[in-house]
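Tertiary structure, described
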Amino acid sequence: QVQLVQSGGELVQPGGSLRLSCAASGRLFSSVAMGWFRQAPGKEREFVAAISSVGAGETTSAAASVKGRFTISRDNAKNTVYLQMNSLKPEDTAAYYCAARTFGLSTKASEYVYWGQGTQVTVSS
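A short tour of the structure in this document, coming up. (Residues numbered from 1 in each chain as written. Predicted model: local features only at pLDDT ≥ 70, side-chain atom pairs only at ≥ 80, totals over all residues. Heavy atoms only, no water.)

With that settled, the discussion passes to the pattern of salt bridges. By the definition in use, this model includes four salt bridges. Between Asp 92 and Arg 38 there is a salt bridge; the shortest N-O distance is 2.9 Å. Separated by 54 residues along the polypeptide, Asp 92 in the loop between strand S8 (80-85) and strand S9 (94-101) and Arg 38 in strand S4 (residues 33-39) bring together distant segments of the chain. Judged by relative accessible area, Asp 92 falls into the buried class, the value being 1%. Arg 101 is the salt-bridge partner of Glu 111, the closest N and O atoms lying 3.8 Å from each other. With a gap of 10 residues between them, Glu 111 in the loop between S9 and strand S10 (114-115) and Arg 101 in strand S9 connect regions that are remote in the sequence. (Salt bridge = Lys/Arg side-chain N within 4 Å of Asp/Glu carboxyl O. Helix = DSSP H or I, 4+ residues; strand = E, 2+ residues; numbered from the N terminus. Buried < 20%, exposed > 50% of the residue type's maximum accessible area, 1.4 Å probe, protein only.)

Structure representation (structure tokens):
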């Protein structure tokens, strides 16, 4: 079992930055792959970024729409994964979810078993 608690969502102006956090408890954190997804009203949940476990080299992947602006990282000593979001755009507005899975990195929401509660990010002037 993995429990995920998110923090960090808020209202931010276009061009601004924000960092989301997701704290994990339960299963050995370093052995799970972590992902960030987002869902805007009326749209399907979409992949944002993911990072593999320590054993898999902490490799990362990011959606084309956020590559170069968003960075996923993990602090295994704090059992926390982060999503640093820079150069935010109005189209980044969505509820953001962190997720965990016990196997390799994945970009598919259906392959993640554990989910955080979600946090709202609104990009608006």
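Don't stop here, the text continues.
This part covers the nonpolar core. Ranked by size, the top nonpolar core spans 36 residues in total, and within it Leu 4, Met 34, Trp 36, Leu 83, Met 85 and Tyr 96 carry the most contacts. If sequence neighbours within four positions are ignored, Tyr 96 has contacts with Gln 6, Leu 20, Phe 37, Arg 38, Val 48, Phe 70, Leu 83, Met 85, Gly 118, Thr 119 and Val 121. (Core = buried A, V, L, I, M, F, W, Y, C linked by side-chain atoms within 4.5 Å. Contact = heavy atoms within 4.5 Å.)

Spatially, S1-S3-S8-S7 is the arrangement adopted by the four strands of the open sheet, whose pairing is antiparallel. Looking at which strands have only one partner, the edges of the open sheet turn out to be strand S1 (2-7) and strand S7 (70-75). Each adjacent strand pair in this sheet contributes to an overall mean axis angle of 20°, direction not counted. Note: S1 against strand S3 (residues 18-26), six bridges, orientation antiparallel. (Pairing = 2+ DSSP bridges. Axes fitted to C-alpha atoms, helices over the stretch in contact; angles between N-to-C directions.)

Bridge analysis of S3 against S8 gives six bridges, and the strand direction is antiparallel. The residue bridging Arg 19 from the neighbouring strand is Gln 84, located in S8.

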